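One-letter residues, chain by chain:
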Amino acid sequence: MRAGCWSAGGRFVALARWPDDPLAVGQQRLAELLQHARDNVPFYADRIPAVDRRQSADPASVLEQIPVTTKDDVEAHFPDQITDGSDPADWRLMSTRGTAQRLITIHGFAKRDAVRAANLRMLCDSGRYRPGLPSVEIPPEVCETVCGDLGETQTGVVSHVMGMLRQRQWRDTQPFRDLRGLIETHWVFHRQTYPGFGLHGSHPDPDTLNQYVARLRTDRPYLVKALATYLTTLARHLQRNDLPPLNIPVIKTMGSRVTPGQRSLIESSFGGKYWDDYGSAEFGTIANECVEHAGLHVYSDWFHVEVVDDAGNPVPDGKVGHVLITDLVNHTMPLIRYKIGDLGRIDRSPCPCGNKTPRLTVHGRAQDIVTLSQGRIQTTDDVLDFLEALPGVDSAQLVDCGDHSYQVSVVPAPNRPLSLDETKQAIVNWLSNPQDSSPPAVDVQTVATIRPESGGKFRYVK
Ligand SMILES: [Zn+2]
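Residues numbered from 1 in each chain as written. Predicted model: local features only at pLDDT ≥ 70, side-chain atom pairs only at ≥ 80, totals over all residues. Heavy atoms only, no water.

Per an unreviewed UniProt entry, the protein chain is named Phenylacetate-coenzyme A ligase, and its organism is Stieleria bergensis.

Dropping the structure here:
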């Protein structure tokens with residue numbers, strides 16, 4: 001068993017390691033990607049300007065001339081116009097599980113390898129995690145197996161091998177590739193998956209939460225990776241009942257983010273450090289935090305990340321705008337200057353950790369910002385941190401109904417007084433501008449729990 005672990009793990013460890021100069025590797029891959037997409041992918045044939053190879057143009061400056069690719073573009077040209085004509089037998093379909101527009105993207109063999117390697121890099125960069133240390137994942141209820149990967153069910157390694165033997169599949173490549181994924185999950189990553197909160201929503205009853213706490217204390221994982229809502233609810237439960245911290249050194253979220261305010265709560269209740277990362281089903285992991293915890297280092301050898309304004313023009317470093325991702329590895333279905341739907345900012349100043357790649361700070365979904373009078377905006381993080389700091393409020397969800405009218409659902413904190421009038425007044429004051437002719441209309445109601453969206457994730461600002 002150990003031999004299987006190391007033979008499967010060895011190549012990944014090498015692939016996952018940061019190269020000496022990730023920016024140079026990325027430049028080379030960007031030039032290759034642009035050439036490949038222009039020659040083989042109908043959607044990009046006219047969008048990518050021809051490069052005179054003798055002039056050796058900077059590929060990043062060529063990239064800036066290419067129009068932004070939207071999710072609508074991908075949907076309208078899927079699959080024939082936006083793929084490279086390679087053999088579909090080698091394709092793996094990935095479904096985005098976002099709360100917004102749902103898309104299918106296609107990964108070839110090389111991209112699947114890169115996704116696995118990026119996942120390993122992200123874990124190893126998080127508080128000295130190493131493959132083999134026990135970890136626990138608590139994904140949203142709907143994707144209990146391999147999130148986003150269509151058609152892959154969770155099977156044990158041994159039963160998978162038995163199935164291959166029974167069906168005489170040992171000459172096929174696909175079952176062997178699946179086998180490698182299984183060996184990684186069970187033997188390399190030593191990973192357990194707990195079920196999500198499901199129908200309980202954001203706030204299961206105390207008995208259910210106690211079961212999660214008991215199981216985490218028994219399993220003693222080195223790393224826990226869960227939906228942000230699950231982490232914050234468990235953290236508040238521990239804090240409220242004066243329960244000792246869980247002593248899990250590395251805490252991470254999947255599929256969603258924690259606000260700055262929730263970070264310290266989670267760290268004290270879980271008794272470890274929170275390590276942020278950024279990724280999606282389309283791309284896998286794109287960036288992660290270093291020991292400085294000040295922005296996420298972009299995997300520049302695998303991705304080119306830009307931040308642009310509404311018109312698609314680059315914004316200065318440090319200014320918030322739309323995040324564009326170019327996947328340097330996926331030649332099967334290239335995504336070039338893809339508008340992923342998040343707001344963020346880039347910091348290219350030197351990081352004390354020595355990593356020279358740019359650092360990305362993500363500010364939440366572009367569709368989930370609240371636009372106030374005079375064009376002021378508040379991101380999901382701002383709204384949630386404000387609402388959760390109000391007296392007697394455990395958690396809350398804000399729906400922007402347009403025309404400066406808002407509906408707020410509040411989960412009251414147990415055993416703490418909550419005044420609906422005072423809560424409402426505080427929200428009105430926070431959303432108002434002194435110059436406003438009339439205050440915003442705010443309706444506040446209490447709820448026992450917040451229900452997830454159909455994909456199993458939660459949206460706190462709609
Ligand atoms: Zn750093």
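Here the narrative resumes, following the displayed structure.
**Q** Outline the overall build of the protein chain, listing residues and values.
**A** A tally of regular secondary structure across the protein chain gives 13 helices and 19 strands. In the protein chain, which comprises 462 residues, the share counted as buried stands at 49%. Contacts spanning at least 24 positions in sequence make up 66% of the contacts within the protein chain whose residues lie at least 6 apart. Within the structure as shown, the protein chain displays about 21,300 Å² of accessible surface, and the carbon and sulfur contribution to it stands at 51%. (Helix = DSSP H or I, 4+ residues; strand = E, 2+ residues; numbered from the N terminus. Buried < 20%, exposed > 50% of the residue type's maximum accessible area, 1.4 Å probe, protein only. Contact = heavy atoms within 4.5 Å. Areas by Shrake-Rupley, 256 points an atom, 1.4 Å probe, with all protein chains shown as cover.)

**Q** With reference to specific residues and values, describe the coordination of the zinc ion.
**A** Taken together, the protein donors to the zinc ion comprise Cys-290 (SG), His-297 (NE2), Cys-351 (SG) and Cys-353 (SG), at separations of 2.1 to 2.3 Å. Geometry at the zinc ion is tetrahedral, judged from its four donor atoms and the angles of 101 to 115° they form at the metal. Along the chain, the residues donating to the zinc ion fall in the pattern C-x6-H-x53-C-x1-C. Taken together, the residues His-297 in strand 10 (residues 296-298) and Cys-351 in the loop between strand 13 (338-347) and strand 14 (359-365) connect sequence positions 54 residues apart. The same class applies to His-297 as to Cys-351, namely buried. (Donors = N, O, S within 2.8 Å, 3.2 Å for Na, K, Ca; no water. Tetrahedral: all angles 85-135°; square planar, octahedral: opposite > 155°, others 65-115°.)

**Q** Explain the sheet that holds strand 7 (residues 273-274) residue by residue, including any values.
**A** An order of 4-3-5-6-7 is seen for the five strands of this open sheet, with the pairing classed as parallel. One side of each edge strand has no neighbouring strand; the edge strands of this open sheet are strand 4 (191-193) and strand 7. Where strand 5 (residues 223-226) lies against strand 6 (residues 250-253), four bridges are found, and the strand directions are parallel. Within strand 6, the residue paired with Ala-226 across the bridge is Thr-253. (Pairing = 2+ DSSP bridges.)

**Q** Break down the nonpolar core for me, with residues and values.
**A** Membership of the largest hydrophobic core comes to 51 residues, with the highest contact counts inside it found for Tyr-278, Ile-286, Val-305, Ile-325, Ile-336 and Leu-360. In terms of residue count, helix 6 (residues 109-124) provides more of this core than any other element does, six residues in total. Leave out the neighbours within four places in its chain, and Ile-336 touches Leu-33, Leu-34, Ala-37, Tyr-44, Ile-48, Leu-63, Ile-66, Thr-69, Ile-325 and Thr-326. In this structure, Leu-209, Ala-235, Ile-248 and Ile-266 belong to the second largest nonpolar core, which totals 30 residues. (Core = buried A, V, L, I, M, F, W, Y, C linked by side-chain atoms within 4.5 Å.)

**Q** Please give an account of the side chain of Arg-236 that cites residues and values.
**A** Looking at the element boundaries, Arg-236 is found in helix 10 (residues 228-240). Ignoring anything within four residues of it in the chain, the contact list for Arg-236 reads Leu-265, Glu-388, Asp-394 and Ser-395.

**Q** Explain helix 9 (residues 206-219) to me, using residue names and the numbers behind them.
**A** Working note: α-helix, 3.6 residues per turn, so residues spaced by three or four point in the same direction. A rise of 1.5 Å per residue sets the reference length of helix 9, with its 14 residues, at 20 Å; its end C-alpha atoms lie 20 Å apart and thus fit the reference within 8%. Buried-residue contacts for helix 9 involve strand 3 (135-138), strand 5, helix 10 and helix 11 (260-270). Of the residues flanking the end of helix 9, it is Arg-220, one or two places downstream, whose phi is positive at about 45°. (Expected span 1.5 Å × (residues − 1).)

**Q** For the sheet that holds strand 19 (residues 441-446), give the residues involved together with the corresponding values.
**A** Taken together, the three strands give an open sheet; going across it, the order is 17-18-19, and neighbouring strands pair in mixed fashion. Each end of this open sheet is capped by a strand with a single partner; those strands are strand 17 (393-400) and strand 19. This sheet shows a mean twist of 20° between the axes of neighbouring strands, independent of strand direction. Pairing analysis gives seven bridges linking strand 17 to strand 18 (residues 405-412), with the strands arranged antiparallel. (Axes fitted to C-alpha atoms, helices over the stretch in contact; angles between N-to-C directions.)

**Q** Help me get a handle on the packing of helix 11 against helix 12 (residues 380-388), residues and values and all.
**A** The N-to-C vectors of helix 11 and helix 12 enclose an angle of 60°; their axes lie 8 Å apart at closest approach. Judged by the angle between their axes, helix 11 and helix 12 are oblique. On the side of helix 11, the interface is formed by Pro-260, Gly-261 and Gln-262, while helix 12 contributes Asp-381, Leu-384, Asp-385 and Glu-388. Of the residues in the contact of helix 11 with helix 12, the class split is two nonpolar, two polar and three charged. (Parallel < 35°, antiparallel > 145°, perpendicular 65-115°, else oblique. Nonpolar A, V, L, I, M, F, W, Y, C, P; charged D, E, K, R; others polar.)

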